[in-house]
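Spelled out, the chains give:
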Amino acid sequence: PIRDRENREGLWNALRNQELDFIVSDHSPSTPVLKFMESGDFQKAWGGIASLQLGLSIIWTEAQKRGFSFTDIAHWMSARPAEFVGLAGKKGAIASGYDADFVLWDPDRRFEVTQSMIHHRHKMTPYEGQTLSGRIERTYLRGKKIFENGTFPQQPFGQILTRNDDATHT
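About the cut-offs
Residues numbered from 1 in each chain as written. Predicted model: local features only at pLDDT ≥ 70, side-chain atom pairs only at ≥ 80, totals over all residues. Heavy atoms only, no water. Phe/Tyr/Trp six-rings, centres within 6.5 Å; stacked < 30°, edge-to-face > 60°. Buried < 20%, exposed > 50% of the residue type's maximum accessible area, 1.4 Å probe, protein only. Helix = DSSP H or I, 4+ residues; strand = E, 2+ residues; numbered from the N terminus. Patch = residues over 30% accessible without salt bridge, like charges linked within 9 Å, V, L, I, M, F, W, Y side chains within 5 Å. Areas by Shrake-Rupley, 256 points an atom, 1.4 Å probe, with all protein chains shown as cover. Salt bridge = Lys/Arg side-chain N within 4 Å of Asp/Glu carboxyl O. Core = buried A, V, L, I, M, F, W, Y, C linked by side-chain atoms within 4.5 Å. Contact = heavy atoms within 4.5 Å. Pairing = 2+ DSSP bridges. Axes fitted to C-alpha atoms, helices over the stretch in contact; angles between N-to-C directions.

(A) How the structure looks around the packing of aromatic side chains. Under the defined criterion, the tally for this structure stands at nine aromatic pairs. Judged by centre distance (4.9 Å) and plane angle (75°), the rings of F68 and W76 are edge-to-face. Taking relative accessible area as the criterion, F68 reaches 8% and is therefore assigned buried. Judged by centre distance (4.9 Å) and plane angle (20°), the ring pair of F102 and Y140 falls under stacked. On the criterion of sequence distance, the pair formed by F102 in strand 1 (residues 102-112) and Y140 in strand 2 (residues 131-141) is long-range, its members being 38 residues apart. Given the relative accessible area of 29%, F102 is considered partly exposed. Grouped by ring-pair contacts, the aromatic residues W12, F68 and W76 constitute a single cluster.

Set out below in C-alpha cells:
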C-alpha cells in the first residue's frame, strides 16, 4: 500500500511472520475528477488506485528487496487467495486438474511505468515514473493466451467464479 514507511514495513513483517496470509487488490480506479488532484483534498478523493496490471511487478520489486522469493509471492497472490475464496482444487496452482492460469514473466526485466502502457480506462496511477522489476510477457487463462507483450490478442472470455462446496469444477 501507499502508506508511510513504518506501516509498509509492518505489513511486510506480518507476511514474514505469517500473520498475514495473502496479498490482494480491490482495484478501485475512478475518473480523474473524483481524485481531486487539483485541490489535493484526500478527504474528498475517491479511495483506491488503478494498479491491477502492475500488482505482480510492484510486489516483486519490493519483496526481493526484503529477501522474499517468487515462491512466497505465488503463495500470497495465488494459492492462498484461491484457498480463501473456496477455489482450491481449481485455481491457485499449476497442477493436474487445475485451470491453466499462469504468467510468463522476466523477474529481472526492469521497466518504467508510463501512462501509455496503462490498460485501464483512466490512466492515473501513483506508480507513474517509477521503475519496477518483473515484466509480464504473456498471460494465460484456462490455457488460452489472453495477453502478450503489451497487447490483448483476443476479446475477453472470462467467467464468473463461484465457490463450489465440493471443491471440484466443471
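(B) Local environment of a nonpolar patch on the surface. Taken together, the side chains of V33, L34 and W46 present a nonpolar region at the surface, about 290 Å² in accessible area. You can see W46 is positioned in the loop between helix 1 (5-16) and helix 2 (55-65).

(C) Layout of the nonpolar core. Core analysis: the biggest nonpolar cluster contains 13 residues, and W12, I73 and W76 have the highest contact counts within it. Within the residue set of this core, elements represented by two or more residues are helix 1, helix 2 and helix 3 (70-84). It is helix 2 that contributes the most residues to this core, four residues altogether. Apart from the residues lying within four places of it in its own chain, the contact partners of I73 are L56, I59, W60, A63 and S78. V113, I118, Y127 and L132 belong to the second-largest nonpolar core, a separate cluster that totals seven residues.

(D) Spatial organisation of helix 2. Most of helix 2 is tucked away: eight of the eleven residues are buried. Residues of helix 2 that are buried include every one of G55, L56, S57, I58, I59, W60, T61 and A63, and no others. Buried residues along helix 2 sit in contact with helix 1, helix 3, strand 1 and strand 2. G67 lies just past helix 2 and shows a positive phi near 85°.

(E) Spotlight on the sheet that holds strand 1. In spatial order, the strands read 1-2-3; together these three strands make up an open sheet with antiparallel pairing. One side of each edge strand has no neighbouring strand; the edge strands of this open sheet are strand 1 and strand 3 (144-148). Between one strand axis and the next, the sheet turns by 25° as a mean value, whatever way the strands run.

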